[in-house]
Amino acid sequence: MSKIAFITGASSGFGKACAEKFAANGYNLILNARREDRLNEISNVLKEQYGIQILLRVFDVREQQAVSDAVTSLHDEWKAIDVLVNNAGLALGRDYFEEADLDDWNIMVDTNIKGFAYVAKAVSQLMVLRKQGHIINMGSVAGKLVYERGNMYCATKSAVDALSHAMRVDMLRHNIKVTAIHPGAAETEFSVVRFKGDETSARNVYAGLQPLTAADVADVIFYTTTLPPHVCINDLVITPTQQADGIYMHRH
Ligand code: NDP
Ligand code: 8X3
C-alpha cells in the first residue's frame, strides 16, 4: 500500500505544490480546501499523471464538526495517514493595530489557530493508534518576529510555533514527528488574499525580490519526510536569499 498524505489548503499555493510533490513520489492523497472545483481539477491532473488515488475532503477548517466528520468518516485504508501537511491559512489586512478590522482578526484566529488545531487533533488521533506519523505545520517568519502592521497575523503564526512545540512534546510518547515550517516571502495567492483582490498591493510585496515559489517550499517539506525514522526536523525557517527574517530584505 502506498503512503498517504493529508494536505489542507490544497487548492492553491503551498498546499497545491505539496500535492504535486507527494503525488510525484507515489503518495496517495487526501486533499482539503473549500473550493471544490479547484480540488477536482488538481486531482484529475495528478491521478492521470501519476496513477495515484486521491480522496477529496471539501470543508472549512473553521468548522469543528466538519473537520471531525471529514476525518472520522475515512475508510480504514485511508485512516493510515503517514503525513499531515497542516497548511490551510491566510492573512487578511495589513493595518496598524488600532485601525485593524475585527472581522479580519476573527477569521485569522479561527482559521490559523483554531482550525489548524482542529485538523491536527483529529489526524493525530489516528496517528496515535498506529504509533507513527509525521505532522507538518505551516508557520511563518511572521511567527518568529513581529513586523509593523502584522499584529494579529503574526500572533496567529506565533501560536502555530507554540502549538507545534506543544504537539511535539505531547506526542513524544507516541513516536509522532512534528515539524514546523516557517517560510518567508513566497509568491502564491497569499498576498492577493491579504489585500482582498488588490493586485497592485499584492505585487508590491515582491518588488525587487526573487521570492520563494510554492514548489521551493514543497521540496523542503517533502525532504523532511524522507529522513530515517529516528530523525526529525523540528523547526525550519526558509526564506529567499534576499530576506533575513520578517523585517529585513535586500531589494534590488
Ligand atoms: P494561498 O492563498 O495560495 O493558499 C491558501 C490555501 O488555504 C488555499 O488552498 C485555501 O483554499 C486554503 N484555505 C484558506 N482558508 C481555508 C479554510 N478556512 N478552510 C480550508 N482551507 C482554507 O496561500 P499560501 O499557499 O501562501 O498559504 C498557505 C499557508 O502558508 C498559510 O497558512 C499561510 O499563512 C502560510 N504562509 C504563506 C507564506 C507566503 O509568503 N505565501 C509565507 C509563510 C507562511 P480555499 O480558499 O479553496 O479554501
Ligand atoms: C507570510 C510571510 O512575511 O508576509 O507568512 O508574513 S509574511
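Definitions and cut-offs
- Residue numbers run consecutively from 1 along every chain, following the written order of its sequence.
- For this description, chains carry letters from A and ligands carry numbers from 1, given in the order in which they are written.
- For a predicted model such as this one, the threshold for reporting local features is a pLDDT of at least 70, and the threshold for listing and counting side-chain atom pairs is 80 or more; totals across whole chains, interfaces and linings nevertheless cover every residue.
- Where side-chain values are given, they derive from all heavy atoms of the structure, hydrogens and water being excluded.
- Axis definition: a line fit to C-alpha positions, over the contact stretch in the case of helices; interaxial angles, taken between N-to-C directions, run 0 to 180 degrees.
- In DSSP terms, a helix is any run of H or I states spanning at least four residues, a strand is any run of E spanning at least two, and both are numbered starting from the N terminus.
- Working definition: roughly parallel below 35 degrees, roughly antiparallel above 145 degrees, roughly perpendicular at 65 to 115 degrees, and oblique for all remaining angles.
- Each crossing gets its handedness from the near helix: less than a right angle anticlockwise from the far helix is left-handed, clockwise is right-handed.
- Whether two residues touch is decided by their heavy atoms; if any such pair falls within 4.5 Å, the residues are in contact.
- Note on scores: pLDDT gives the predictor's confidence for each residue, bounded by 0 and 100.
- Put simply, buried Ala, Val, Leu, Ile, Met, Phe, Trp, Tyr and Cys residues joined by side-chain atoms within 4.5 Å make one nonpolar core.
- Only protein chains enter the area calculation, which uses a 1.4 Å probe; residues under 20% of their type maximum are buried, those over 50% are exposed, and those in between are partly exposed.
- Without a salt bridge and with relative accessible area above 30%, a residue can belong to a patch; like charges are then joined within 9 Å and nonpolar side chains (Val, Leu, Ile, Met, Phe, Trp, Tyr) within 5 Å.
- Every accessible area reported is derived by Shrake-Rupley at a probe size of 1.4 Å, with residue values counting cover from the shown protein chains alone.
- Take a side-chain nitrogen of Lys or Arg and a carboxyl oxygen of Asp or Glu: if they are within 4 Å of each other, that pair is a salt bridge.
- A strand pair is defined by DSSP finding two or more bridges across the two strands.

1. Focus: the packing of helix H5 (residues 102-130) against helix H6 (residues 151-170)
Logical step 1: Put simply, H5 and H6 touch, their axes get as near as 9 Å, and they point 15 degrees apart. Here H5 is positioned roughly parallel relative to H6, judged by the angle of their axes. In terms of crossing hand, the pair formed by H5 and H6 is right-handed. Of the residues in H6, those in contact with Trp105, Met108, Val109, Asn112, Ile113, Phe116 and Ala120 of H5 are Asn151, Met152, Tyr153, Thr156, Lys157, Ala159, Val160, Leu163, Ser164 and Met167.

2. Let's talk about the confidence of the model for the protein chain
Logical step 1: Predicted confidence across the protein chain gives a mean pLDDT of 98, with 100% of residues reaching 70 or more.
Logical step 2: Interface confidence for the predicted complex, expressed as ipTM, amounts to 0.99; the pTM equals 0.99.

3. A word on the nonpolar core
Logical step 1: In terms of nonpolar packing, the biggest core is built from 32 residues, with Ile7, Phe22, Leu29, Leu31 and Ile221 touching the most fellow members.
Logical step 2: Going through the elements one at a time, strand E1 (4-7), helix H1 (13-24), strand E2 (28-33), helix H2 (36-50), strand E4 (83-86), strand E5 (134-138), helix H9 (214-224) and strand E7 (235-238) are the ones with two or more residues in this core.
Logical step 3: Considering every element that reaches this core, the biggest residue donor is H1, with six residues.
Logical step 4: Setting aside anything within four residues of it in sequence, one finds isoleucine 7 in contact with Gly15, Cys18, Ala19, Leu29, Ile30, Leu31, Asn32 and Val85.
Logical step 5: In this structure, Phe59, Val61, Val67 and Val123 belong to the second largest nonpolar core, which totals 26 residues.

4. Side note on a nonpolar patch on the surface
Logical step 1: A cluster of nonpolar side chains, contributed by Leu145, Ile247 and Tyr248, occupies part of the molecular surface with about 310 Å² of accessible area.
Logical step 2: For leucine 145, the position within the fold is in the loop between E5 and H6.

5. Remarks on the sheet that holds E1
Logical step 1: Across the sheet, seven strands lie side by side as E3-E2-E1-E4-E5-E6-E7; this open sheet has parallel pairing. In the strand order of this sheet, the two ends are held by strand E3 (54-58) and E7, each with one partner. Strand-to-strand, the axes of this sheet are offset by a mean angle of 15 degrees, without reference to chain direction.
Logical step 2: Set on the sheet, H9 makes contact with E4, E5, strand E6 (177-183) and E7; between it and E5 the angle comes to about 155 degrees.

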